[in-house]
Amino acid sequence: MPHTETPGTEAAPARRLRWWTELPLILLVYACYTAGRLLARGDVSGAVDNGLALLRAEKAVYLNFEHPLNRLFTREAWIGIPADFWYASLHYLVTPAVLVWLFRSRTVRYRAARTWLMTSTLIGLVGFTLMPTCPPRLLDASHGFVDTMAQYSSYGWWGGAASAPRGMGGMTNQYAAMPSLHVGWALWCGVMLWRYGGTRTTKIAAVAYPLITTIVVMGTANHYFLDALAGAAVMGAGLLLAPVVMRTADRVRVRFVPRVAPVTAASPAAGSSIVSAGCQTSAGERIPRQRESRFGAGAEPSASPKDAGDGAPAPAR
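Residues numbered from 1 in each chain as written. Predicted model: local features only at pLDDT ≥ 70, side-chain atom pairs only at ≥ 80, totals over all residues. Heavy atoms only, no water.

## Section: the overall build of the chain
- When its secondary structure is counted, the chain shows 9 helices and 4 strands.
- Sequence-ordered secondary structure for the chain, helices as α and strands as β, is β-α-α-α-α-α-α-α-α-α-β-β-β.
- Counting all 317 residues of the chain, 34% fall into the buried class.
- Taking all contacts inside the chain whose residues are at least 6 apart in sequence as the whole, residues at least 24 apart take part in 79%. (Helix = DSSP H or I, 4+ residues; strand = E, 2+ residues; numbered from the N terminus. Buried < 20%, exposed > 50% of the residue type's maximum accessible area, 1.4 Å probe, protein only. Contact = heavy atoms within 4.5 Å.)

## A closer look at the packing of aromatic side chains
- Evaluated as defined, the whole model comprises 5 aromatic pairs.
- The interplanar angle of 90° and the centroid separation of 5.0 Å between the aromatic rings of Phe-65 and Phe-225 together place this pair among those described as edge-to-face. In this pair, Phe-65 sits in the loop between helix H2 (44-60) and helix H3 (66-75) while Phe-225 sits in helix H9 (residues 225-256), placing the two residues 160 residues apart along the sequence.
- The exposure class of Phe-65 is partly exposed, given its relative accessible area of 36%.
- Judged by centre distance (5.9 Å) and plane angle (35°), the ring pair of Trp-86 and Tyr-209 falls under tilted. Taken together, the positions of Trp-86 in helix H4 (residues 77-105) and Tyr-209 in helix H8 (residues 200-219) put the pair 123 residues apart, joining distant regions of the chain.
- A relative accessible area of 24% means that Trp-86 is categorised as partly exposed.
- The ring of Trp-194 carries the charged tip of Lys-203 above its face, separated from the ring centre by 4.6 Å. (Phe/Tyr/Trp six-rings, centres within 6.5 Å; stacked < 30°, edge-to-face > 60°. Lys NZ or Arg CZ within 6 Å of the ring centre and 35° of its normal.)

## So, a nonpolar patch on the surface
- On the surface, a nonpolar cluster with roughly 210 Å² of combined accessible area is contributed by Leu-241, Val-244 and Val-245.
- Within the secondary structure layout, Leu-241 lies in helix H9. (Patch = residues over 30% accessible without salt bridge, like charges linked within 9 Å, V, L, I, M, F, W, Y side chains within 5 Å. Areas by Shrake-Rupley, 256 points an atom, 1.4 Å probe, with all protein chains shown as cover. Salt bridge = Lys/Arg side-chain N within 4 Å of Asp/Glu carboxyl O.)

## Overview of the environment of Thr-121
- Among the secondary structure elements, Thr-121 is positioned in helix H5 (residues 107-130).
- Look at Thr-121 and you get buried, because its relative accessible area is 3%.
- Along the backbone, Thr-121 and Trp-185 are 64 residues apart, and their C-alpha atoms lie at a distance of 8.4 Å.

## Comments concerning the packing of helix H7 (residues 181-196) against H8
- Axis separation between H7 and H8 bottoms out at 7 Å; the angle between their running directions is 170°. Taken as axis vectors, H7 and H8 run roughly antiparallel relative to one another. Residue-level inspection shows His-182, Val-183, Ala-186, Leu-187, Cys-189, Gly-190, Leu-193 and Trp-194 of H7 in contact with H8, the latter providing Thr-202, Lys-203, Ala-205, Ala-206, Val-207, Tyr-209, Pro-210, Thr-213, Thr-214 and Val-217.
- Looking at the contact of H7 with H8 residue by residue, the classes come out as 12 nonpolar, 5 polar and 1 charged. (Axes fitted to C-alpha atoms, helices over the stretch in contact; angles between N-to-C directions. Parallel < 35°, antiparallel > 145°, perpendicular 65-115°, else oblique. Nonpolar A, V, L, I, M, F, W, Y, C, P; charged D, E, K, R; others polar.)

## Side note on unusual backbone geometry
- Of the consecutive residues Met-178 and Pro-179, the connecting peptide bond is found in the cis state with omega at 0°.
- Among the structural elements, Pro-179 can be located in the loop between helix H6 (148-151) and H7.
- The residue Tyr-62 is not glycine, and still its phi comes out positive at about 60°.
- Within the secondary structure, Tyr-62 sits in the loop between H2 and H3.
- One non-glycine residue with positive phi stands out, namely Ala-221, at about 65°.
- By the element assignment, Ala-221 lies in the loop between H8 and H9.
- Overall, the relative accessible area of 0% leaves Ala-221 in the buried class.

## Topic: empty space enclosed by the protein
- Across all of its chains, the model carries 1 cavity of 30 Å³ or more by this definition.
- Volume-wise, the largest cavity comes out at about 30 Å³.
- Contributing to the lining of the largest cavity are Trp-86, His-91, His-182, Tyr-209 and Thr-213.
- Breaking the lining of the largest cavity down by element, the ones donating at least two residues are H4 and H8.
- For the lining of the largest cavity, the residue count by class is 2 nonpolar, 3 polar and no charged. (1 Å grid on protein atoms, 1.4 Å probe; cavity = no way out; pocket = protein on both sides within 12 Å on 5 of 7 lines; lining within 4 Å. Points joined across faces, edges and corners; volume = space filled by probe spheres on them.)

## Some words on the nonpolar core
- Within the largest apolar cluster, 21 residues are counted, with the highest numbers of intra-cluster contacts made by Val-98, Leu-102, Trp-116, Leu-117, Trp-188 and Met-192.
- Looking at this core, the elements that each hand over two or more residues are H4, H5, H7 and H9.
- Not counting residues within four places of it along the chain, the set of residues in contact with Leu-102 comprises Thr-107, Tyr-110, Ala-113, Trp-188, Met-192 and Tyr-196.
- Judged by nonpolar contacts, the second largest core, of 14 residues, contains Ala-83, Val-183, Val-216 and Phe-225. (Core = buried A, V, L, I, M, F, W, Y, C linked by side-chain atoms within 4.5 Å.)

Given below as structure tokens:
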């Protein structure tokens with residue numbers, strides 16, 4: 001049986017997201033991300049110990065891809081310099097661009113995608129706090145790593161201390177390596193491009209962007225391979241928690257934001273008390289012009305067809 005809506009009522013439209021409410025929310029989460037990186041500095045010796053523990057674990061299972069990649073990036077400037085630009089810039093350009101694209105052209109999907117990204121970012125801050133980790137580039141030189149961003153710093157805007165603009169290295173937490181949100185955010189961008197891009201170019205970019213980013217963070221000695229895996233795991237956790245976060249936000253909104261009453265369509269008969277739509281019903285009649293039979297069969301008064309119009313007088317009884 002086909003579904004029919006109740007006549008006279010219309011479904012209230014879903015709450016439309018506005019850019020002037022979305023932008024402060026995104027800036028707030030990004031401010032928390034930046035502040036969390038700064039506050040979660042931890043003990044430097046503990047961060048170094050954590051970094052060495054990750055390196056030993058990778059060597060034990062033959063997953064230390066950082067060494068060969070870092071040697072390649074250090075030896076070949078035509079690879080190392082673009083990789084440093086990639087690491088220092090795309091993290092902050094591609095992710096906002098994908099967010100804006102979703103907001104403008106995939107509005108129905110935007111809220112879930114944004115919630116997934118923000119939830120994962122906040123989980124990453126927990127990782128920075130609980131496990132400050134020294135990146136490979138800051139380990140002692142005896143471990144065989146070269147900081148390519150310091151080596152090629154004369155080619156870019158960053159300084160030798162970090163990927164931050166020159167002279168601002170002290171304003172970043174260089175021990176926030178676990179998990180790698182460079183990889184996590186790139187993975188999120190890849191999923192969005194794959195699902196909603198719709199063209200072969202976007203499909204290729206969806207695969208290439210997170211893959212190249214993973215190679216870049218290891219080749220520039222900014223992250224371990226396990227950092228990259230942790231970044232992917234954080235995004236997986238955020239994906240699972242995003243529906244819970246949205247349901248919680250909806251319950252809070254319903255409780256503290258007044259509801260909008262459903263729109264009621266005016267009924268044509270609502271303003272009239274005449275049920276018969278203008279047809280008068282005289283005493284003794286149930287339906288207009290339908291008199292009760294008070295005579296025997298065949299004894300009802302009759303009128304000729306000519307004179308039985310609406311204005312014809314009733315025949316004399």
